[in-house]
Amino acid sequence: MDLVIGPLDLSAHVDEALAVQAVAFGLGAEEIAVRRHIVLRHMTYPGARAFGATVAGRLVGFVYGMPNDRTHWWSTVVEPYLRAQGHDQWLDDSFVITELHVHPQYQNRGIGRALIITITDGAAEPRSILSAIDTDSPARGLYHSLGYRDLARQVLFPSAPRPYAVMGAPLPLRRLRPGMDFRPRQPPG
């Protein structure tokens, strides 16, 4: 597999990225249309950046995030849950992973791990936060293996059919044993 992990102009490749997310997350056309506007708006925020994973020039995974801002919608929803657990300080000076998705055909190959490590290694903030569906899933297992811990569970987002967990980790993220992390080829240049 000739995998390349590198910076992604998400605004220019939003439809490719959302096609991956649609398959990975089981989203329909209406939800993708809503998310398209959200992604394009997010990419205008200060410090927002994205990385993609490509195989033979085809996008098979992506991650994007930004320095957290308490005035952003996500923060306003999770703040009461974090405060109730004594963890609302995690909303300050954190890099939030907004989305991380890998096409199902390419999952369980270390691509998600490589993407999240790559984006957080460039963060100026001392910690990272994210939300994931609150089930014992491979995604939550990945996050736990990287050092994320549950900060709040059973977080309800408007219109989301299932509850989420908010997770946080100090940066840099935990590595597997030396030499065990997936190291994709970087793009030339």
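Residues numbered from 1 in each chain as written. Predicted model: local features only at pLDDT ≥ 70, side-chain atom pairs only at ≥ 80, totals over all residues. Heavy atoms only, no water.

If you tally the helices and strands in the protein, you get five helices and seven strands. Reading the protein from its N end, one meets helices and strands in the order β-α-α-β-β-α-β-α-β-α-β-β. If you line up the protein on its principal axes, its C-alpha atoms span 45 × 40 × 30 Å. Within the protein, buried positions represent 48% of all 189 residues. Expressed as a percentage of contacts within the protein between residues at least 6 apart in sequence, the contacts between residues at least 24 apart total 69%. Entry remark: accessible area of the protein is about 9,500 Å², with carbon and sulfur atoms responsible for 55%. Charged side chains of the protein number 19 positive and 18 negative; the gap between the two group centres comes to 6 Å. (Helix = DSSP H or I, 4+ residues; strand = E, 2+ residues; numbered from the N terminus. Buried < 20%, exposed > 50% of the residue type's maximum accessible area, 1.4 Å probe, protein only. Contact = heavy atoms within 4.5 Å. Areas by Shrake-Rupley, 256 points an atom, 1.4 Å probe, with all protein chains shown as cover. Lys, Arg positive; Asp, Glu negative; His and termini not counted. Charge placed at Lys NZ, Arg CZ, Asp CG, Glu CD.)

A separate point is the nonpolar core. Nonpolar side chains in soluble globular proteins generally cluster together in the buried interior. Formed by 31 residues in total, the largest nonpolar core has its most connected members in Leu10, Tyr64, Trp74 and Val78. Among the secondary structure elements, those contributing two or more residues to this core are α1 (14-25), α2 (29-42), β3 (58-67), α3 (73-84), β5 (127-133), β6 (149-155) and β7 (164-170). When near neighbours in sequence (up to four residues on either side) are disregarded, tyrosine 64 contacts Leu10, Val39, His42, Met43, Arg49, Ala50, Val96, Ile97, Thr98, Glu99 and Ile119. Grouped together as the second largest cluster of nonpolar side chains are 30 residues, Val60, Leu115, Ala165 and Leu171 included. (Core = buried A, V, L, I, M, F, W, Y, C linked by side-chain atoms within 4.5 Å.)

On to unusual backbone geometry. Of the consecutive residues leucine 171 and proline 172, the connecting peptide bond is found in the cis state with omega at 0°. Secondary-structure assignment places proline 172 in the segment after β7. In this structure, asparagine 108 is a non-glycine residue whose phi angle is positive, near 65°. On the secondary structure map, asparagine 108 appears in the loop between β4 (94-102) and α4 (111-121). Residue class for asparagine 108 comes out exposed when judged on its relative accessible area of 77%. With a phi close to 70°, serine 159 is a non-glycine residue in the positive phi region. Mapped onto the elements of the fold, serine 159 is located in the loop between β6 and β7. Taking the relative accessible area as the measure of exposure, serine 159 reaches 79% and is therefore exposed.

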